[in-house]
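So the chains spell out like this:
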Amino acid sequence: MEKEAKIYVAGHRGMVGSSILRHLLSQGYSNLILRTSAELDLRNQAAVDTFFAQEKPDYVFLAAAKVGGIVANNTYRADFLYENLAIQNHVIHASFVHQVKKLMFLGSSCIYPKMAPQPLKESYLLSGFLEPTNEPYAIAKIAGIKMCEAYRAQYGCQFISVMPTNLYGMNDNYDLENSHVLPAMIRKFHEAKLRGDKSITLWGTGSPKREFLYADDLAKACLFLMENYNESEFVNIGTGEDVSILELAEMVKKIIGFEGAIHWDTSRPDGTPRKLMDVSKLHQLGWKHEVELLDGIQLAYQDFLQNPKSRK
Ligand SMILES: NC(=O)c1ccc[n+]([C@@H]2O[C@H](COP(=O)([O-])OP(=O)(O)OC[C@H]3O[C@@H](n4cnc5c(N)ncnc54)[C@H](OP(=O)(O)O)[C@@H]3O)[C@@H](O)[C@H]2O)c1
Ligand SMILES: C[C@@H]1O[C@H](OP(=O)(O)OP(=O)(O)OC[C@H]2O[C@@H](n3cnc4c(=O)[nH]c(N)nc43)[C@H](O)[C@@H]2O)[C@@H](O)[C@H](O)[C@@H]1O
């Protein structure tokens, strides 16, 4: 990407979009186009088309989406399917019509079959049934991957897709019901410590395993791939290392300094038993994560303490 290129970061106020924005600015890209969802609702195709016609971005990072943890995905099934399909259809199609030089679509590791062999290779896409709690979201993400592939095959568009593992970091969503596990744990342990509670309650059995990548590392990987990758097949982005939810809870508990017990509410879903990314393709391309999980949790906890507004 040329330093003076016009770059549209869709979703620039979100955890991932804000990190991509910070990283672009730090790398000397300054011709950035940004719109909040209130200014440009990406579910509105006419508005998206007008915006692309007026702004004519050269590059697009598509980090706007309806996002949430396991319970949000399972509860708002229609919204996760409809909103994500609408947002990505409009942005990808407008990028074709208005001749965007290159677009990056962000998917998620939930696109893989629930019982796929581990670690998850890119080639395992569409080889089995999906995890039911996030099937609508996963189907939207799979459609996004296929759209990028199809526009490349039929029209020669330079559209690429990346599949990040579970993410955490600055600007995360700390809502107790709708967030992902790491921000939920940070808030639960912190507030329980302040109240002097004897225990906290987490969801499921604690046995599922998850891989966690710090959002600033993801942003760096996204820029790296935008500059160095231009193939039809998507690329996994992760660390290649995972922990059980119980192990994660013990880490967060120790960092925050909570001394009570952990109860597991098994009426809440566990979700996929494991989703560890095979990151050999990413490593071969020349990128590796920098922030290890313990350091990243400490950074995220500092962000939580310093940005009370994020505690929705
Ligand atoms: N978080 C994770 O663990 C994770 C894991 C894998 C992949 N991803 C992917 O990474 C991307 C970003 O996720 P995130 O965690 O950064 O989510 P996030 O913090 O919830 O941010 C999502 C952003 O999307 C924008 N948005 C939502 N609906 C919109 C609409 N109708 N019109 C315009 N903008 C809209 C929001 O804009 P406003 O703030 O202006 O409302 C928001 O800033 C998504 O594609 C997600 O699937 C996330
Ligand atoms: C990255 C995203 O991951 C999402 O799946 P997924 O990893 O299970 O999403 P999380 O909501 O992060 O949950 C991960 C694991 O942590 C457990 N968990 C324990 N306590 C809590 C808690 O207080 N809050 C939450 N949220 N979880 C908790 C949860 O049961 C599950 O086994 C997908 O639904 C999305 O589609 C997306 O792919």
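Calculation criteria
Residues numbered from 1 in each chain as written. Chains lettered and ligands numbered in written order. Predicted model: local features only at pLDDT ≥ 70, side-chain atom pairs only at ≥ 80, totals over all residues. Heavy atoms only, no water. Near = heavy atom within 4 Å. Polar contact = N/O pair within 3.5 Å; in protein donor to acceptor, adjacent residues only side chain to side chain. Areas by Shrake-Rupley, 256 points an atom, 1.4 Å probe, with all protein chains shown as cover. Helix = DSSP H or I, 4+ residues; strand = E, 2+ residues; numbered from the N terminus. Nonpolar A, V, L, I, M, F, W, Y, C, P; charged D, E, K, R; others polar. Salt bridge = Lys/Arg side-chain N within 4 Å of Asp/Glu carboxyl O. Buried < 20%, exposed > 50% of the residue type's maximum accessible area, 1.4 Å probe, protein only. Core = buried A, V, L, I, M, F, W, Y, C linked by side-chain atoms within 4.5 Å. Pairing = 2+ DSSP bridges. Contact = heavy atoms within 4.5 Å. Axes fitted to C-alpha atoms, helices over the stretch in contact; angles between N-to-C directions. UniProt positions renumbered as here; feature names shortened; annotations may be inferred. 1 Å grid on protein atoms, 1.4 Å probe; cavity = no way out; pocket = protein on both sides within 12 Å on 5 of 7 lines; lining within 4 Å. Points joined across faces, edges and corners; volume = space filled by probe spheres on them.

Draft legend 1. Layout of the site of ligand 1. With respect to spatial proximity, 26 residues lie near ligand 1, and among them Met15, Val16, Ser37, Tyr137 and Lys141 are the closest. A distance of 2.9 Å separates an oxygen atom of ligand 1 from a polar atom in the backbone of methionine 15. Between ligand 1 and valine 16, the relevant distance is 2.8 Å, taken from an oxygen atom to a main-chain nitrogen or oxygen of the residue. In isolation ligand 1 exposes 900 Å². Once the protein is present, 86% of that is buried. Elements represented by at least two residues in the shell around ligand 1 include exactly α1 (15-26), α5 (135-155) and β6 (166-168). For the shell around ligand 1, a count of residues per class yields 13 nonpolar, nine polar and four charged.

Draft legend 2. Examining the pattern of salt bridges more closely. If you walk through the whole model with that rule in mind, you get 17 salt bridges. When the shortest N-O distance is used, the salt bridge between glutamate 55 and arginine 35 registers 2.9 Å. Here the residue glutamate 55 occupies a position in helix α2 (residues 45-55), and arginine 35 occupies one in the loop between β2 (32-33) and α2, the gap between them amounting to 20 residues. We classify arginine 35 as partly exposed; its relative accessible area is 27%. Taken together, the salt bridges that share partners define one network made up of Lys6, Arg35 and Glu55.

Draft legend 3. Highlighting the nonpolar core. If you look at the biggest cluster of nonpolar residues, it comprises 74 residues, and the most contacted ones within it are Ile7, Leu24 and Phe61. Element by element, the count of residues in this core is highest for helix α7 (residues 215-228), at nine residues. Residues Leu248, Ile262, Ala300 and Tyr301 belong to the second largest nonpolar core, which totals 25 residues.

Draft legend 4. Main features of unusual backbone geometry. Here the residue pair glutamine 118 and proline 119 is connected by a cis peptide bond, since its omega of -5 degrees sits within 30 degrees of zero. Locating proline 119 in the fold gives a position in the loop between β4 (102-106) and α5. Residue glutamine 99 is not a glycine yet carries a positive backbone phi of 60 degrees. The residue glutamine 99 is located in the loop between α4 (77-97) and β4 in this model.

Draft legend 5. Structural context of the sheet that holds strand β10 (residues 235-237). Taken in spatial order, the six strands of this open sheet run β2-β1-β3-β4-β5-β10, and their pairing is parallel. Among the strands making up the open sheet, the edge pair consists of β2 and β10. The pairing of strand β3 (residues 59-62) with β4 spans four bridges and is classified as parallel. Across the sheet, the residue bridging to leucine 62 is phenylalanine 105, located in β4. Where α4 meets the sheet, it contacts β3, β4 and β5 (159-164), and its direction lies at approximately 170 degrees from that of β3.

Draft legend 6. Focus on the UniProt feature "binding site: substrate" (unreviewed entry) in the protein chain. The UniProt entry lists Lys188, Trp203, Arg210 and Asp270 under the feature "binding site: substrate" (unreviewed entry), expressed in the numbering used here. As for its placement among the helices and strands, lysine 188 is situated in helix α6 (residues 181-195). We classify lysine 188 as buried; its relative accessible area is 16%. Those residues within four positions of lysine 188 in sequence are excluded, and the remaining contacts are Leu176, Ile200, Thr201, Leu202 and Trp203. With respect to the helices, strands and loops of the structure, aspartate 270 is situated in the loop between β12 (261-265) and α9 (280-285). Among all residues touching aspartate 270, those that are not within four sequence positions of it are Ile70, Gly204, Thr205, Gly206, Ser207, Pro208 and Arg210. A distance of 2.8 Å separates the side chain of aspartate 270 from the side chain of threonine 205, its partner in a polar contact.

Draft legend 7. Here's a closer look at the site of ligand 2. Around ligand 2 sit 22 residues, and of these Ile70, Lys188, Arg210, Pro269 and Asp270 come closest. Interatomic distance of 2.7 Å between a side-chain N/O atom of arginine 210 and an oxygen atom of ligand 2. Proline 269 has a polar backbone atom sitting 2.6 Å from an oxygen atom of ligand 2. If ligand 2 stood free it would expose 700 Å²; the protein chains cover 98% of that surface. Listing elements by their share of the shell around ligand 2, those giving two or more residues are α3 (70-75), α6 and β7 (199-203). Of the residues that constitute the shell around ligand 2, the class distribution is 10 nonpolar, eight polar and four charged.

Draft legend 8. Just empty space enclosed by the protein, in detail. In total, this model carries two cavities of 30 Å³ or more according to the counting rule given. Roughly 50 Å³ of volume is contained in the largest cavity. For the lining of the largest cavity, a count of residues per class yields four nonpolar, three polar and three charged. Taken as a whole, the second largest cavity encloses approximately 40 Å³ of empty space. As for the second largest cavity, its lining consists of Leu62, Ala64, Ala65, Asn84, Ile87, Gln88, Phe105 and Lys141.

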